[in-house]
Amino acid sequence: MEQSELRQWERQCVQEEVPPCTAACPLHVDARTFCSLMAQRRWDKAWQILAKTMPLPGVLARFCDGPCKGTCVRKDAGGAIEMEFLERFCAENAKPVAPPRPLPSRGKTVAVLGGGMTGLCATWELVRRGFDVTLYCSSLGGSLLDYSGDILPEGVLEREIESLRTMGATIEAGVDILLVQLDLLLDEKDAVFVDSDAVSTDLFPIGMLDEMTLGTQRAGLFASRSGEVSFILQAATGRRAANSIERYTQGVSMVTGRELEGPYETRLFTSLEKIESVSPVLDKAYSELTAQDEAKRCLQCECMECVKGCEYLRHFKYYPKVYVRQIYNNDSIVMGTRQANTMINSCMLCGQCEIICPEDFSMADVCLEARRGMVAQGKMPPSAHEFALRDMAFANGAQSALARHAPGADISEYVFFPGCQLTASDPEGVLAAYDDLCRRLGSVGLMLHCCGIPAEWSGQQALMEESMEVLREKWQALGGPKIIVACPTCLKTLREGLPDAAIVSHWAILRALGLPAGAKVQDISLAINDPCAARNDVLLREDVRSLLDSLHIDVKEPEYSGEKTPCCGYGGLLSTANPALGEAVARARGEAVEEDYVTYCVMCRDMLAKIGKRAVHLYDLLYPGNDDPGVRPAPGYSVRRENRVYLKERLLRELWCEDGANAKQPYEDIGVEFTEQARSAMEDRRILKSDVQKVLLQANTSGCHLVNDKTGHKLASFRPVVVTYWVEYEDRGTEFIVHNTWCHRMHIKGAQQ
Amino acid sequence: MSVIKVPEADVAGWYCATCDEEMVLQSVELEYLDSLFNVELPACPKCRFVLIPEGLALGKMHQVEQLLEDK
């Protein structure tokens, strides 16, 4: 990833943008943090937040008129936060803080003329930044002196003026401004600022005033426009003048990058969904309790929309802006640990965040590109996707793959493409579906093959292209028939990979043909689980809902459904790269509804079934067997392979009347049984029955094994390619009982095979 | 690579059936992703059949594999 791309991605995520209140405040007070502390009754800490940003905080906090309220997100859910009353409460009840410590002296001198709020604030801001400031005024406070008692208690203004002195300002009060000679001052000082509300501009004709810089036509002379009545805006003018004088004395541009100085619009998005309307606390003379209650109404604005909908984004504790930075850093590491590999390989690439994000941020795009980069650099952890890619190779191998015209036919108008996972999970369903299609559409060819998506997800572009080329050749050899696809992921992948093919979903065909003969029509309620591959396919989702309607199913839509549907935990190869998180994702999806799920992606069904959620595939309703499909367990890895082989053999034998049996590998003759412990270890550790058989064959042939003198169990190991498998077993003569099995990738040099 | 150690309990009871020998700790070379380590592991003194017990394979050894994969 280039740095410019990183910046672009970072800009797209709005989570770190300032909240609307801070953006709208002329002084950019951090009202969100202030409210958070007030809600915890941490008055002193809250006061520190105000004092950090406000000049003369004791005065200003009492005069704020809440300019943030117009943009407060809470205004549409009960009413804007009563910020000005909270500030006043805080000013009255918190422990005063020492004035800020000024920066080291810059050796620059400034004269401020006029001691109204604007002049006082300009002085505050300038001394704070290390300027040597002299404030000349006839009286201190200007129109502030019109207030007293409840609004501005005695001593408050005096304390802040004392703070100004402590910070190093020289205050020449009681000066007859008439006697001040501007020309002399301008010669003497580096800059002069005139508070036009406190000093009559008749005395100091300043001429044209620049809105942005407050500069005049005389170099070094700055002035405020007179007539501003809001103290907050006067304070903001004082700060603007200080900013200009700082730029002027540094000799840098007076205008660039000043857009965010005054109030501006933020890009932060905050949803009001699920936010209850709560009215403001109306008693404006707040007590500790009412102040706390009012502060609690603050929504603590943030976006986090994508994170709310995605277990993966939640799991890694941050949000896309941080993630993309971590991914960029990960990519740039030459020596050392790549901390973000697991995060990159855990994204389901499902596209949910892109739909939900107000700025269309796509973690899928970022993570897929990162994976491709890792593959290209040889930095992809070998264990991340190898198992899935081996499975893909198996699905495309001679034992499982098939591409044929219908029995007896030499052309195909259609070819049925069920997808390698449906054949692995529900071979009977595939047989019934193919039979149904042949009966109702005439000669329909059959293709058993993987669409190649594991290669795409793992960042292996070359393998993906190669796999698609094989598919294309097989499809063309059948005469390029229309492809009927059952799996939503295959549908999406084939449409992208074979743009010249006519591709239609099995569900669209069934909607047009009507329900198959044995379909189970029943008045029940089911929650629909749209698979992530159907996110951008509104027609597919409608076809499925129409079929469910024909089946009399009352369909419940989960909160995240349709184009906002989450992934089940399989997508992007999450369940191979990070099995624990894959399970957590499935669990969250399972817990999202009370009802049983109905879905039309078999991986969704199996992921849900694995965590114990009742879920049926649409085939279970359209081509029902005898068992309760809601409790059909998700087949284990070995059974999935066996199902593919079984399906092909059965099809060849029954439909094409051929001996479908593949030439057996020697290890397949090893008779083996598994204890419960061994079975569960195999699933957790992704060890196949065939891996175990290979170890046992090797132990038999070489005679190399260990024996345990207590249990009598034998122990052998074998490394077929890159993983060493260990099998603890009992030799019962005709078969082996496997008690346990484990594996590692590290290679033992010079020892056993 | 001294982190890879085998607790005695994991080795207890296993002997080499081929050579009828008890397992003894021996210096063994392990390799993963172009990294080589010398480790003391239980092995048959005659045929050098090395034992990697379950706890080691899924514990420390797995951690080191992951660490090397992220290098």
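As the structure is a computational prediction, the values presented were derived from the model and not from experiment.

### Description of the overall build of chain A
Turning to step 1, where the next piece is worked out: Looking only at helices and strands, chain A features 32 helices and 20 strands.
Turning to step 2, where the next piece is worked out: Projected onto the principal axes, the alpha-carbon positions of chain A cover approximately 115 × 65 × 50 Å.
Turning to step 3, where the next piece is worked out: A burial count over chain A gives 47% of its 753 residues as buried.

### Structural notes on the overall build of chain B
Turning to step 1, where the next piece is worked out: Assigned secondary structure in chain B consists of three helices and four strands.
Turning to step 2, where the next piece is worked out: Counting from the amino terminus, chain B carries its helices and strands in the arrangement α-β-β-β-β-α-α.
Turning to step 3, where the next piece is worked out: Each of the three principal axes of chain B carries a C-alpha extent, and together these read 40 × 20 × 20 Å.
Turning to step 4, where the next piece is worked out: Restricting to contacts in chain B with at least 6 residues of sequence separation, those with at least 24 account for 51%.

### Focus on the interface of chain B and chain A
Turning to step 1, where the next piece is worked out: At the junction of the two partners, chain B supplies 25 residues and chain A supplies 28 residues.
Turning to step 2, where the next piece is worked out: The set of elements that each furnish at least two residues to the side of chain B that touches chain A consists of strand 1 (14-16), strand 3 (24-32), helix 2 (54-58) and helix 3 (60-69) of chain B.
Turning to step 3, where the next piece is worked out: Considering each element in turn, the side of chain B that touches chain A owes the most residues, five residues, to strand 3 of chain B.
Turning to step 4, where the next piece is worked out: Each residue belonging to the side of chain B that touches chain A can be placed in one class, and the counts come to 14 nonpolar, three polar and eight charged.
Turning to step 5, where the next piece is worked out: Alignment of strand 16 (residues 706-708) of chain A against strand 1 of chain B, held across three bridges, turns out to be antiparallel. If you follow Asn 708 of chain A over to strand 1 of chain B, its bridge partner there is Trp 14 of chain B.

### Thoughts on the nonpolar core
Residues and elements named next belong to chain A.
Turning to step 1, where the next piece is worked out: Membership of the largest hydrophobic core comes to 112 residues, with the highest contact counts inside it found for Met 363, Cys 367, Phe 416, Val 485, Cys 568 and Leu 608.
Turning to step 2, where the next piece is worked out: Among the elements that take part in this core, helix 17 (residues 363-377) stands out by supplying seven residues, more than any other.
Turning to step 3, where the next piece is worked out: Viewed by domain, this core spans two of them, domain 3 (305-380) and domain 4 (387-638), each represented by three or more residues.
Turning to step 4, where the next piece is worked out: When residues no more than four places from it in sequence are discounted, the contact partners of Met 363 are Leu 313, Pro 320, Tyr 323, Cys 347 and Cys 353.
Turning to step 5, where the next piece is worked out: Within the second largest apolar cluster, 83 residues are counted, among which are Cys 68, Val 73, Leu 214 and Ala 235.

### Overview of the packing of helix 24 (residues 506-513) of chain A against helix 25 (residues 538-550) of chain A
All names here are of chain A.
Turning to step 1, where the next piece is worked out: Two numbers describe how helix 24 lies on helix 25: the axes approach to 9 Å, and their chain directions differ by 45 degrees. Taken together, the axes of helix 24 and helix 25 are oblique relative to one another. Along this stretch, helix 24 crosses helix 25, giving a crossing that reads as left-handed. Facing helix 24, whose interface residues are Trp 507, Ala 508, Leu 510 and Arg 511, helix 25 presents Leu 540, Asp 543, Val 544, Ser 546 and Leu 547.

### Notes on unusual backbone geometry
Turning to step 1, where the next piece is worked out: A positive phi angle, close to 65 degrees, is found at His 552 of chain A, a residue other than glycine.
Turning to step 2, where the next piece is worked out: Within the secondary structure layout, His 552 of chain A lies in the loop between helix 25 and strand 12 (554-556).
Turning to step 3, where the next piece is worked out: Judged by local crowding, His 552 of chain A falls into the exposed class, with 11 C-beta atoms found within 10 Å.
Turning to step 4, where the next piece is worked out: With a phi angle near 65 degrees, Asp 34 of chain B is a residue other than glycine that sits in the positive phi range.
Turning to step 5, where the next piece is worked out: Structurally, Asp 34 of chain B can be placed in the loop between strand 3 and strand 4 (35-43).

### Topic: helix 20 (residues 427-441) of chain A
Turning to step 1, where the next piece is worked out: With 15 residues, helix 20 of chain A ought to run about 21 Å at 1.5 Å a step, and its terminal C-alpha atoms sit 21 Å apart, in line with that.
Turning to step 2, where the next piece is worked out: Where helix 20 of chain A terminates, the next one or two residues include Gly 442 of chain A, which has phi positive at roughly 85 degrees.

### Some words on the sheet that holds strand 10 (residues 503-505) of chain A
Residues and elements named next belong to chain A.
Turning to step 1, where the next piece is worked out: Ordered by their spatial adjacency, five strands build an open sheet running 6-8-7-9-10, and the pairing between neighbours is mixed. In this open sheet, the two strands that pair with only one neighbour each are strand 6 (402-404) and strand 10. Neighbour-to-neighbour, the strand axes of this sheet turn through a mean angle of 25 degrees, independent of strand direction.
Turning to step 2, where the next piece is worked out: Taken together, the three bridges between strand 7 (residues 414-417) and strand 8 (residues 444-448) define a ladder with parallel strand orientation.

### What about the packing of helix 20 of chain A against helix 30 (residues 637-654) of chain A?
Residue and element names in this part refer to chain A.
Turning to step 1, where the next piece is worked out: For the pair helix 20 and helix 30, the least separation of the axes is 9 Å and the interaxial angle reads 30 degrees. Classified by the angle between their axes, helix 20 and helix 30 sit roughly parallel to one another. As helix 20 packs across helix 30, the resulting crossing turns out to be right-handed. The segment helix 20 lies against helix 30, with Pro 427, Val 430 and Leu 431 engaging Asn 643, Tyr 646 and Leu 647.
Turning to step 2, where the next piece is worked out: Classifying every residue of the contact of helix 20 with helix 30 gives five nonpolar, one polar and no charged.

### Looking at the domain arrangement of chain A
All names here are of chain A.
Turning to step 1, where the next piece is worked out: In terms of domains, chain A is made up of domain 1 (18-97 + 288-302), domain 2 (109-250), domain 3 (305-380), domain 4 (387-638) and domain 5 (666-744).
Turning to step 2, where the next piece is worked out: Distance from the C-alpha centre of domain 3 to the C-alpha centre of domain 4: 27 Å.
Turning to step 3, where the next piece is worked out: On the side of domain 4, 22 residues touch domain 3, which itself brings 22 residues to the contact.
Turning to step 4, where the next piece is worked out: Mapped by element, the contributors of at least two residues to the side of domain 3 that touches domain 4 are helix 13 (311-315), helix 15 (341-346), helix 16 (352-356) and helix 17.
Turning to step 5, where the next piece is worked out: Sorting elements by how many residues they give to the side of domain 3 that touches domain 4 places helix 17 first, with five residues.
Turning to step 6, where the next piece is worked out: Looking at the side of domain 3 that touches domain 4 residue by residue, the class counts come to twelve nonpolar, seven polar and three charged.

### Observations concerning the sheet that holds strand 20 (residues 747-748) of chain A
Turning to step 1, where the next piece is worked out: The three strands lie next to each other as 20(A)-3(B)-4(B), forming an open sheet whose pairing is antiparallel. Edge strands, defined here as strands with exactly one partner in the open sheet, are strand 20 of chain A together with strand 4 of chain B.
Turning to step 2, where the next piece is worked out: With two bridges connecting them, strand 20 of chain A and strand 3 of chain B associate as antiparallel partners. Bridge pairing in strand 3 of chain B places His 747 of chain A opposite Glu 31 of chain B.

### A word on the pairing of strand 11 (residues 525-529) of chain A
All names here are of chain A.
Turning to step 1, where the next piece is worked out: Of the pairings in the sheet, the one linking strand 11 to strand 12 comprises three bridges and is parallel in character. For Ala 527, the partnering residue across the bridge sits in strand 12 and is Lys 556.
Turning to step 2, where the next piece is worked out: The parallel pair strand 11 and strand 12, bridged by helix 25, forms a crossover whose chirality is right-handed.
Turning to step 3, where the next piece is worked out: Judged from the three bridges that link them, strand 11 and strand 13 (residues 597-599) form a sheet pairing that is parallel.

Procedures and definitions
- Here, residues in each chain are numbered from 1, in the same order as that chain's written sequence.
- As a convention, the first chain written is A and the first ligand written is 1, with the rest following in written order.
- Under the rules for a predicted model, residues below a pLDDT of 70 receive no local features and side-chain atom pairs below 80 are neither given nor counted, while totals for whole chains, interfaces and linings still include all residues.
- Strands are runs of DSSP state E lasting at least two residues, helices are runs of H or I lasting at least four, and both sets are numbered from the N terminus onward.
- Labels follow a simple rule on C-beta atoms placed from the backbone: if 20 or more others lie within 10 Å of a residue's own, it is buried; if 12 or fewer, it is exposed; otherwise it is partly exposed.
- Throughout, a pair of residues is in contact if the C-beta atoms placed from their backbones lie within 7 Å.
- Under the grouping applied here, Gly and all other residues not named as nonpolar or charged are polar, the nonpolar ones being Ala, Val, Leu, Ile, Met, Phe, Trp, Tyr, Cys and Pro and the charged ones Asp, Glu, Lys and Arg.
- Paired strands, as defined in this entry, are two strands with at least two bridges between them according to DSSP.
- In these notes, a nonpolar core means any group of buried Ala, Val, Leu, Ile, Met, Phe, Trp, Tyr and Cys residues linked to one another through C-beta atoms within 7 Å.
- A domain assignment, automatic or from a database, supplies the domain bounds used here.
- To get an axis, a line is fitted to the C-alpha atoms, and for a helix only the part in contact is used. The angle between two axes follows their N-to-C directions and goes from 0 to 180 degrees.
- Each angle is binned into one of four classes, with values under 35 degrees roughly parallel, values over 145 roughly antiparallel, values of 65 to 115 roughly perpendicular, and all other values oblique.
- Handedness of a crossing follows from how the near helix is turned relative to the far one, being left-handed for an anticlockwise turn of less than a right angle and right-handed for a clockwise one.
- Multiply 1.5 Å by the residue count of a helix minus one, and that product is the helix's expected span.
- Note on handedness: a clockwise path from strand one over the helix to strand two, with the strands aimed away from the viewer, defines a right-handed crossover.

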